[in-house]
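Fold and contact review
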Amino acid sequence: MSSAATTSPSVDKVDGFSRKSVRKAKQKRSQSSSQFRSQGKPIELTPLPLLKDVPAPEQPELFLKKLQQCCTVFDFMDTLSDLKMKEYKRSTLNELVDYVTVSRGYLTEQAYPDVVKMVSHNIFRTLPPSDSNEFDPEEDEPTLEASWPHLQLVYEFFIRFLESQEFQPSIAKKYIDQKFVLQLLELFDSEDPRERDYLKTVLHRIYGKFLGLRAFIRKQINNIFLRFVYETEHFNGVAELLEILGSIINGFALPLKAEHKQFLVKVLIPLHTVRSLSLFHAQLAYCIVQFLEKDPTLTEPVIRGLLKFWPKTCSQKEVMFLGELEEILDVIEPTQFVKIQEPLFKQISRCVSSPHFQVAERALYYWNNEYIMSLIEENSSVILPIMFASLYRISKEHWNPAIVALVYNVLKAFMEMNSTLFDELTATYKSDRQREKKKEKEREELWKKLEDLELKRGLRSDGIIPT
Amino acid sequence: MAGADGDDSLYPIAVLIDELRNEDVQLRLNSIKKLSTIALALGVERTRTELLPFLTDTIYDEDEVLLALAEQLGNFTMLVGGPEYVHCLLPPLESLATVEETVVRDKAVESLRKISQEHSPVDLEVHFEPLVKRLASGDWFTSRTSACGLFSVCYPRVSSTVKAEIRQHFRTLCADDTPMVRRAAASKLGEFSKVLELDYLKSDIISLFTALASDEQDSVRLLAVEACVSIATLLPQEDLETLVMPTLRQAAEDKSWRVRYMVADKFSELQKAVGPEITKNDLVPAFQNLLKDCEAEVRAAAANKVKEFCENLPEDSREQIIMTHILPCVKELVSDTNQHVKSALASVIMGLSTILGKDNTIEHLLPLFLAQLKDECPEVRLNIISNLDCVNEVIGIRQLSQSLLPAIVELAEDAKWRVRLAIIEYMPLLAGQLGVEFFDEKLNTLCMAWLIDHVYAIREAATCNLMKLVEKFGAEWAQNTIVPKVLGMANDPNYLHRMTTLFCINALSEACGQDITTKQMLPVVLKMSTDQVANVRFNVAKSLQKIGPVLDSNALQTEVKPVLEKLATDTDMDVKYFAQEAISVLALA
């Protein structure tokens, strides 16, 4: 494969991020690299003959030599140094990519440690600091990896190696071990979307081929997510990791292990609280729905979890939550629906009366969903009383005419479903409101009394409470 | 006693608990925030027997409510009957210390630390320490993280057997499987070291420190650097070389920039902790490397410490070390490719002049200051200018004035208003150091130009600046240089500029005194009361209110009063309002 062919699609992908880049184009350096630079000395590699130019029996040894040479890492922040040698390494890597793709019988047992060593030397590095202190993946242009011309080929090579028909996991597991995987996972924090894309494929292959590493990989992803949620709120590769998890969950055997359920409740649900949810919400919702399709009894804890973390101030997130909830309701079993309908519709009733019209609108769209409608209809005696007060109020008060129109439709639907209950609720609407007001007043009085008591005690004993 | 202990009929527990269970989160939160009131109504005994068990059982709630609860319980000792019953608070706090949300857990730990002090030594062993042990061996990582924060508060007050157990638990957590727990342990390592006996410090802590400092995760390693400061402070000097230095050297050259950054960031503390000899032999080369680090973040952190590091060098060799080792690196940083590095350096570099003295400053530092004054990045220039006072003491500011002026002029016209704002704030200082003649000649026009800036914040700052200048240079100077220009703006076609005249008068009247105010400013203000723009007119009312106290009573009665009375009948309601306010404040009614 020629290098031009490999780079052009990734360049397109980068352009997907250029929304804001136009504005910032001038002031921004967009490349970074944190390879520890070998200072000063120019690097010399002795050119080797091409693999295809030597007789077959000599090829394996030459292959090892080339791997050895490619362990040398160049400084790409210095655009002027070692130009010849950089080009030499690039063409060697290209040759290696071709070699593992087509050649047969090259994978001797000695090659494994050298391949892993070459890959490790090139890809494992401390990621550079982010350009801006508060890197906002939605706003800021990602910093691209400067050494990508080499790095991409190394990833390409590694993937071909893992996918090669001759590849034997039983030999490779000595070298692709827990430490290797841990370093690989850390790279998912790379700001460069091209790199994360390759990493996704690499990790997927490793998960597929190394059964012994699966539990370890899941546990480490757990740790990354927990740190992301509860400590840093910063990790660039969440969407990619979730994408891998989506297919992992798909393959879980039934009944689900306690470990997996714990992961759902203690890790995936809390992921909803993160500020940058929009960047990985699609993948997250997919994982959640996968779980529920596997085991419908998880519906209740999942929905209760979402209700617990329901966004209070961020309307965009609220819309995302409503979207995810609809996906869940699409696959919910009626018996599960009954278990959570009360808390669920109390929340939906709050959303419907949101002054933010997108939130209200998103919630009201549920009534266009046939399956949800059928569930509501079956349980209208429970749901209608919960929803009625807000619907009635909005139909009179909401500022947005589109919302009012939607609410009328919903009220009409309810009226058709259960006209007796509907009339009853309309009749008692006023008295119910008055009862609420009275209760509110009683509460206030109670607290007033309690405060008087506190004041009295405070005065009588100088703040020290008598025992 | 029954009366003092609350009244069953008035405050049945059910009603109160209903409040804590209210469906509306906001109301539930309000109730929890007034938990002490509820406890007071119940009295200590029922708080212990009914309220606390209820709270312990219903710990599943929104994190916001839990946070409020965790905080409340830290102040509950008296409400449960004083120190002898304080252990009743442990069960709910223990549950709170295991929840996922970090803020809640941290607050629960904080409260537990607080009430640990209220436990008697016996209760500490009977109730508190078992709780710490339970948390330390919890299944889920959250409880183990919380445990890390509790070891150091109970360690000093328990028997030696229990102490041994606590040390064992801490050791286990330092080697925990989850990085979250290891981070928590590493962040408490310094604190725990402080309460440990020296022998155990050497035998236990050092090995933990070494292990954490070479953890596979850099987020753990960098926390060990923090602990390094405390540990080095606690150890006798002769042990530092063998017990601490190998780890510190390794951290300063860590492959992760985050760890190196932490070393740079803690450099002054480390320097103090290891003492002058090690500083000379080890830290000086380490500092040089950090100043030359390949990551700009690290260089900037190190650059920030240049002055402090130099100041704290042992006096006998200070100058020699700075001149031969530090200054060459500093010179390179002046032309660094990264503006944050240059700007960090610019904020401290002037401080070196006091350390190096007049001759060295002129020969070696002055060229650097001048180069930074010409830097392309405004922040760098600004940082130099804002620290001019340090140099002024050593060589006088005149040495710099040639380069200073173009730098100031350029900043004064910078496209970013925040930069302009920053330079205005240094004007009074500059004026003081440069003297009135230099000021009149070079800077006065700038100060006047800011008055008609198109950003309000700049005009406002410019007004305030004039006041400070008048305070410095006196009323006579004001009368000759500033007042005529300010009053001239009263006829400007732009009403915003006319208002600036009023704002300047507000600011200047007091500093200028009665004579100038009455004779020069007042007529202008009065004349503006017939301005077409209502905003100008109500600002006239405001100005009159402001300068009223400076005027004599004759002027007030004969000149101000009629104008205000007329404004009080204005067609615009704001003008009326402010005119009436002025009349009543000045007591002219």
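Residues numbered from 1 in each chain as written. Chains lettered and ligands numbered in written order. Predicted model: local features only at pLDDT ≥ 70, side-chain atom pairs only at ≥ 80, totals over all residues. Heavy atoms only, no water.

**Describing the overall build of chain A**
Formally: The helix and strand labels rest on DSSP assignments: H or I over at least four residues marks a helix, E over at least two residues marks a strand, and numbering proceeds from the N terminus. Residue burial is assigned from relative accessible area. The probe radius is 1.4 Å, only protein chains are included, and a residue is buried under 20% of its type maximum, exposed over 50%, and partly exposed in between. Whether two residues are in contact is decided by their heavy atoms, any of which lying within 4.5 Å being enough. Here the Shrake-Rupley method, with its probe set to 1.4 Å, supplies the accessible areas, and only the displayed protein chains count as covering residues.
Across its full length, chain A carries 21 helices and two strands. Within chain A, the proportion of its 467 residues that are buried is 51%. Pairs at least 24 residues apart make up 77% of the contacts formed inside chain A by residues separated by at least 6 positions. Total accessible area on chain A is roughly 22,800 Å²; 53% of this is exposed by carbon and sulfur atoms.

**A look at the overall build of chain B**
Going by this rule: For the radius of gyration, the atom set is restricted to C-alpha positions; the globular benchmark scales as 2.2 Å times the number of residues to the power 0.38. Asp and Glu are treated as the negative residues and Lys and Arg as the positive ones, with His and the ends of the chain left uncounted. Where a charge lies is defined by one atom per residue type, namely NZ (Lys), CZ (Arg), CG (Asp) and CD (Glu).
The helix and strand tally for chain B stands at 33 helices and zero strands. Computed over its C-alpha atoms, the radius of gyration of chain B comes to 33 Å, more than 25% above the 25 Å expected for a compact globule of 589 residues. By principal-axis analysis of the C-alpha atoms, chain B measures approximately 85 × 80 × 35 Å. Within chain B, buried positions represent 60% of all 589 residues. Expressed as a percentage of contacts within chain B between residues at least 6 apart in sequence, the contacts between residues at least 24 apart total 68%. If you sum the accessible surface of chain B, you get close to 24,500 Å²; carbon and sulfur atoms cover 51% of it. Positive and negative side-chain charges of chain B, numbering 58 and 85 respectively, have mean locations separated by a distance of 4 Å.

**Examining the nonpolar core**
Counted only if it meets this: By nonpolar core we mean a set of buried residues, namely Ala, Val, Leu, Ile, Met, Phe, Trp, Tyr and Cys, connected to one another through side-chain atoms within 4.5 Å.
Within the largest apolar cluster, 365 residues are counted, with the highest numbers of intra-cluster contacts made by A:Phe63, A:Ile206, A:Phe225, A:Leu268, A:Phe414 and B:Leu564. The element contributing the most residues to this core is helix 30 (residues 495-527) of chain B, with 12 residues. Beyond its immediate chain neighbours, meaning those up to four positions away, A:Leu268 contacts A:Leu242, A:Ile249, A:Phe263, A:Leu284, A:Cys287, A:Ile288 and A:Phe291. In terms of nonpolar packing, the next biggest core, distinct from the first, is built from seven residues, A:Leu45, A:Phe76, A:Met85 and A:Ala146 among them.

**Description of empty space enclosed by the protein**
For the record, the criterion: Space inside and on the surface of the protein is sampled on a 1 Å grid over the protein atoms alone, with a cavity defined as a set of points where a 1.4 Å probe fits but cannot get out and a pocket as an open set with protein on both sides within 12 Å along at least 5 of 7 lines; lining residues have an atom within 4 Å of a point. Grid points are joined across faces, edges and corners, and a volume is the space filled by probe spheres set on the points. For this scheme, ten residues count as nonpolar: Ala, Val, Leu, Ile, Met, Phe, Trp, Tyr, Cys and Pro. Four count as charged, namely Asp, Glu, Lys and Arg, and the remainder, Gly too, count as polar.
Scanning all chains against the criterion turns up four cavities of 30 Å³ or more. The computed volume of the largest cavity comes to approximately 70 Å³. Tallied by class, the residues present in the lining of the largest cavity amount to four nonpolar, two polar and two charged.

**Here's the deal with the confidence of the model for chain A**
Fine structural detail should not be taken from predicted coordinates in areas where pLDDT scores are low. Residues and elements named next belong to chain A. Note the cut-off: A residue's pLDDT is simply how confident the predictor is in it, with values from 0 to 100.
With 87% of its residues at a pLDDT of 70 or more, chain A has an overall mean of 84. Low pLDDT, under 50, characterises residues 1-29; the predicted model gives this stretch 26 contacts beyond four residues in sequence or across chains. Segment residues 459-467 is flagged for pLDDT under 50; beyond a separation of four residues in sequence, or across chains, it makes 12 contacts in the model.

**Brief notes about the pattern of salt bridges**
All names here are of chain A. Defined as follows: Every case where a carboxyl oxygen of Asp or Glu lies within 4 Å of a side-chain nitrogen of Lys or Arg is listed as a salt bridge.
All chains considered together, the criterion is met by 55 salt bridges over all chains. Its salt-bridge partner being Glu-243, residue Lys-200 comes within 2.9 Å of it at the nearest N-O pair. Note that Lys-200 is positioned in helix 9 (residues 193-209) and Glu-243 in helix 11 (residues 238-250), a separation of 43 residues in sequence. Lys-200 gets classed as buried once you look at its relative accessible area, which sits at 16%. Its relative accessible area of 39% is what places Glu-243 among the partly exposed residues. A network of salt bridges, in which partner residues are shared, links Arg-125, Glu-145 and Glu-195.

**Remarks on the environment of B:Pro92**
Looking at where B:Pro92 falls in the secondary structure, it is placed in helix 5 (residues 90-96). When the C-alpha atoms of B:Pro92 and B:Leu55 are compared, they prove to be 6.5 Å apart, with 37 residues separating the residues in sequence.

**A short note on the packing of helix 4 (residues 83-102) of chain A against helix 6 (residues 148-163) of chain A**
Axis angle and axis distance: for two packed helices, these are the angle between their axes and the distance between the axes, and together they describe the pair. Residue and element names in this part refer to chain A. Under the convention used in this document: The axes are straight lines fitted to the C-alpha atoms, using for helices just the contacting stretch, and the angles between their N-to-C directions are given from 0 to 180°. Convention used here: angles under 35 degrees read as roughly parallel, angles over 145 as roughly antiparallel, angles from 65 to 115 as roughly perpendicular, and any remaining angle as oblique. By definition, turning the near helix anticlockwise from the far helix through less than a right angle yields a left-handed crossing, and turning it clockwise yields a right-handed one.
The N-to-C vectors of helix 4 and helix 6 enclose an angle of 15°; their axes lie 9 Å apart at closest approach. Of the possible angle classes, the one that applies to helix 4 and helix 6 is roughly parallel. Crossing of helix 4 over helix 6 shows left-handed handedness. Seen from helix 4, the contacting residues are Lys-86, Lys-89, Arg-90, Leu-93, Asn-94, Leu-96, Val-97, Val-100 and Thr-101; seen from helix 6, they are Pro-149, His-150, Leu-153, Val-154, Glu-156, Phe-157, Arg-160 and Phe-161. Class assignment for the residues of the contact of helix 4 with helix 6 results in nine nonpolar, three polar and five charged.

**Considering the packing of aromatic side chains**
Remark: the centre distance and the inter-plane angle together describe each pair of aromatic rings, the angle taken between the planes. Selection criterion: Between rings of Phe, Tyr and Trp, where Trp is taken as its six-membered ring, a pair exists when centres lie within 6.5 Å; planes separated by under 30 degrees are stacked, by over 60 edge-to-face, and by other angles tilted. A ring is scored as having a charge over it whenever the NZ atom of a lysine or the CZ atom of an arginine sits within 6 Å of its centre and within 35 degrees of its normal.
Counting across every chain of the model gives 36 aromatic pairs over all chains. With a centroid separation of 6.0 Å and 75° between ring planes, the pair formed by A:Phe337 and A:Phe345 is classed as edge-to-face. Note on A:Phe337: relative accessible area 0%, which makes it buried. On the numbers, 6.5 Å between centres and 80° between planes, the contact of A:Phe345 with A:Trp367 is edge-to-face. Of this pair, A:Phe345 sits in helix 16 (residues 334-352) while A:Trp367 sits in the loop between helix 17 (357-364) and helix 18 (370-378), placing them 22 residues apart in sequence. The exposure classification of A:Phe345 matches that of A:Trp367, with both residues buried. For the cation-ring pair, B:Lys34 lies above A:Trp447, with the distance from its terminal atom to the ring centre recorded as 4.5 Å. Lying across the ring of B:Phe578, B:Lys542 places its NZ or CZ 4.8 Å from the centre.

**Digging into the confidence of the model for chain B**
All names here are of chain B. Predicted confidence across chain B gives a mean pLDDT of 88, with 97% of residues reaching 70 or more. When mean pLDDT is taken per element in chain B, helix 8 (residues 141-148) scores highest with 95 and helix 1 (residues 13-20) scores lowest with 74. Here the predicted complex scores 0.80 on pTM and 0.80 on ipTM.

**Here's the deal with the side chain of A:Asn379**
Residue and element names in this part refer to chain A. Considering the arrangement of structural elements, one finds Asn-379 in the loop between helix 18 and helix 19 (380-397). On the basis of relative accessible area, Asn-379 is assigned to the buried category, the value being 12%. In this view, Asn-379 contacts Phe-337, Val-338 and Gln-341; residues no more than four positions away in its chain are not counted.

**Some remarks on unusual backbone geometry**
A cis amide bond, omega -10°, links A:Leu254 with the succeeding residue A:Pro255. As for its position among the elements, A:Pro255 is in the loop between helix 11 and helix 12 (258-268). Located in the positive-phi region is A:Glu233, a residue other than glycine, with phi close to 55°. If you trace the backbone, A:Glu233 turns up in the loop between helix 10 (214-232) and helix 11. Residue class for A:Glu233 comes out partly exposed when judged on its relative accessible area of 29%. Despite not being glycine, B:Ala587 has its phi angle at roughly 55°, a positive value. Inspection of the secondary structure puts B:Ala587 in the segment after helix 33 (573-585). A residue is classified by how much of its surface remains accessible, and B:Ala587, at 60% relative accessible area, is exposed.

**Description of the state of the cysteines**
Residues and elements named next belong to chain A. For clarity, the cut-off: Only a pair of cysteine sulfur atoms within 2.5 Å counts as a disulfide in this structure description.
One pass over the full model with this rule turns up zero disulfides over all chains. Among the cysteines around Cys-351, which has no disulfide bond, Cys-314 carries the closest sulfur, lying 13 Å off. Residue classification places Cys-351 among the buried positions, given a relative accessible area of 0%.

**Quick look at helix 15 (residues 245-252) of chain B**
Residue and element names in this part refer to chain B. The condition is simple: Each direction from the helix axis to a C-beta atom contributes to the arc, which is the arc of those directions.
Of the residues making up helix 15, those classed as buried are Met-245, Thr-247, Leu-248, Ala-251 and Ala-252. Each buried residue of helix 15 lies within a common arc of 160° when the element is viewed along its axis, so the set occupies one face. Tucked inside the fold, the buried residues of helix 15 contact helix 12 (198-213), helix 13 (218-234), helix 14 (237-243), helix 16 (257-265) and helix 17 (267-291).

**Looking at the packing of helix 11 (residues 179-195) of chain B against helix 12 of chain B**
Residues and elements named next belong to chain B. Interhelical geometry of helix 11 versus helix 12 gives an angle of 145° and a closest axis separation of 11 Å. The chirality of how helix 11 crosses helix 12 is left-handed. Within the contact between the two elements, helix 11 uses Arg-182, Ala-186, Leu-189, Phe-192 and Ser-193 and helix 12 uses Leu-201, Ile-205, Leu-208, Phe-209 and Leu-212.

**Regarding helix 30 of chain B**
Residue and element names in this part refer to chain B. Inclusion rule: A helix is expected to span 1.5 Å for every residue after the first. Bend is computed residue by residue as the angle between axes fitted to the seven residues ending at the residue and the seven residues starting at it. Polar contact is the term for a pair of N or O atoms within 3.5 Å; when the atoms are in protein, one must be able to donate a hydrogen and the other to accept it, and sequence-neighboring residues count only if both atoms are side-chain atoms.
The terminal C-alpha atoms of helix 30, which comprises 33 residues, lie only 14 Å apart, well short of the 48 Å expected from a rise of 1.5 Å per residue. Of all the bends found along helix 30, the most pronounced is centred on Gly-513 and spans about 130°. Measuring from the backbone nitrogen of Leu-496 back to the side-chain oxygen at the start of helix 30 gives 2.8 Å, which picks out Asn-494 as the cap.

**Observations regarding the UniProt feature "domain: Phosphatase 2A Regulatory Subunit A helical" (unreviewed entry) in chain B**
The cut-off we apply is this: UniProt positions are given in the numbering used here, feature names are shortened, and annotations may be inferred rather than shown by experiment.
The feature "domain: Phosphatase 2A Regulatory Subunit A helical" (unreviewed entry), as annotated in UniProt, sits at residues 89-270 of chain B in this numbering. This span, residues 89-270 of chain B, is 79% helix and 0% strand, and a straight line between its end C-alpha atoms measures 40 Å.

**Remarks on the side chain of B:Asp239**
Within the secondary structure layout, B:Asp239 lies in helix 14. Ignoring anything within four residues of it in the chain, the contact list for B:Asp239 reads B:Lys202 and B:Val244.

**Some details on the environment of A:Val302**
Residues and elements named next belong to chain A. If you trace the backbone, Val-302 turns up in helix 14 (residues 299-308). Its relative accessible area of 0% is what places Val-302 among the buried residues. Sequence separation of Val-302 and Phe-291 is 11 residues, and the distance between their C-alpha atoms is 9.6 Å. In this view, Val-302 contacts Leu-264, Ile-269, Ile-288, Leu-292 and Ile-328; residues no more than four positions away in its chain are not counted.

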